[in-house]
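Structure assessment
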Amino acid sequence: MTRPHSPFLDSMIGVKIPALDHGFIIVRDYMGVDKSIADAARVSYGDGTRTVNDDAGLISYLVEHQHSSPLEMCEIKLHIKLPLFVAREWIRHRTANVNEESARYSIMCKEFYTPSSLDMAQQSKNNKQGRGEALTPAQAQRAADKIESFSRIARFNYESLLNEEALARELARMNITLNYYTQWVWKCDLRNLLHFVKLRMDSHAQLEIRRYAEEIWRIVQAWVPSAANAFEEHQLYATHFSKVETEILREIVDGEKARNMMAHLKPRQQAAFLAKLGLESM
């Protein structure tokens, strides 16, 4: 019996995918493909004569109805280099296995992140945790100069504490700023990886972690295309409606334009859509 494999991921193992100015993502290993998801869902059927389309349809059904445990049959292991402040956001996803570079054992990387001038922005007036209007070119340059200056001073003091004062690494690291890079190995199953993608590709997520999420999403699309298509259709670009919003939709959906659009859906899809609105037919 051969191991299920993805030709794309096989070709990508060990390849460095750039992220931000000095960061990267490297695929180290993986387990499972689309067929692994379908086989897990059909575990009682044995190995029958199923086509790719059969598997894609089943995966779409699973994702649509949030039967997510079969997605856990796929896992991926990534080697990631990222700024410390991005890592602190990332680690809040507690459903992965992580092993990070330790500054107690090794000397920290000399590279630090400086946003490009296009990514420099003021504090948002409406969102306490986000960016607002872009800085002028002159403001952006001054900000970049200060970030680089503070970062280099922090590095100088860090090395001075290590070399001149012979301070322990675990104490000297306190001086390093949060834009310095760290590295870790991050292993995650597909179910939780898709949750990460949905949250971190959202426009409200911080731009820097969004850049990593976008690269990971491209990996997922090539690795498990059926699962990615189903996720895109039913979750990534889907919308949840509140009770009141659903009642409003019931009132506006019963019209000629809506009927014409409904004609493009399969009968099962029509029934599922109407059921979401608490309707049986139009």
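Residues numbered from 1 in each chain as written. Predicted model: local features only at pLDDT ≥ 70, side-chain atom pairs only at ≥ 80, totals over all residues. Heavy atoms only, no water.

Glancing now at the overall build of the chain. Along the chain, the regular secondary structure elements total 12 helices and seven strands. A compact globule built from 282 residues would reach a C-alpha radius of gyration of about 19 Å, whereas the chain, at 24 Å, exceeds it by more than 25%. Counting only residues that meet the buried cut, the chain has 37% of its 282 residues in that class. Long-range pairs, those at least 24 residues apart, make up 71% of the contacts in the chain between residues at least 6 apart in sequence. Taken as a whole, the chain presents about 17,300 Å² of accessible surface, with 52% of it coming from carbon and sulfur. Taken together, the 36 basic and 36 acidic charged side chains of the chain have centroids lying 3 Å from each other. (Helix = DSSP H or I, 4+ residues; strand = E, 2+ residues; numbered from the N terminus. Rg over C-alpha atoms; globule rule 2.2 N^0.38 Å. Buried < 20%, exposed > 50% of the residue type's maximum accessible area, 1.4 Å probe, protein only. Contact = heavy atoms within 4.5 Å. Areas by Shrake-Rupley, 256 points an atom, 1.4 Å probe, with all protein chains shown as cover. Lys, Arg positive; Asp, Glu negative; His and termini not counted. Charge placed at Lys NZ, Arg CZ, Asp CG, Glu CD.)

Turning next to the environment of Leu 20. Take Leu 20: it is sitting in the loop between β1 (16–19) and β2 (23–31). Using a relative accessible area of 22% as the deciding quantity, one classes Leu 20 as partly exposed. As a C-alpha pair, Leu 20 and Thr 114 span 94 residues in sequence and 8.9 Å in three-dimensional space.

Further remarks concern the environment of Lys 110. Locating Lys 110 in the fold gives a position in the loop between β4 (97–100) and β5 (121–123). For the pair Lys 110 and Ile 25, spaced 85 residues apart in the sequence, the C-alpha separation amounts to 18 Å.

Right, let's talk about the state of the cysteines for a bit. Considering all chains together, one arrives at zero disulfides under this definition. Cys 74 forms no disulfide, and the closest cysteine sulfur to it belongs to Cys 188, at a distance of 12 Å. (Disulfide = S-S within 2.5 Å.)

What the rule picks out here adds up to eight aromatic pairs. Centroid distance Trp 90 to Trp 184: 6.0 Å. Interplanar angle 80 degrees. Geometry classified as edge-to-face. Of this pair, Trp 90 sits in helix α4 (residues 84–90) while Trp 184 sits in strand β7 (residues 181–189), and the two are 94 residues apart along the sequence. Exposure class is identical for Trp 90 and Trp 184. Each is buried. Put simply, the rings of Trp 90, Trp 184, Trp 186, Phe 196 and Tyr 212 touch in pairs and so form one group of aromatic residues. It is Arg 3 that lies over the ring of Tyr 30; its NZ or CZ is 4.9 Å from the centre. (Phe/Tyr/Trp six-rings, centres within 6.5 Å; stacked < 30°, edge-to-face > 60°. Lys NZ or Arg CZ within 6 Å of the ring centre and 35° of its normal.)

Keep in mind these values describe shape, not function.
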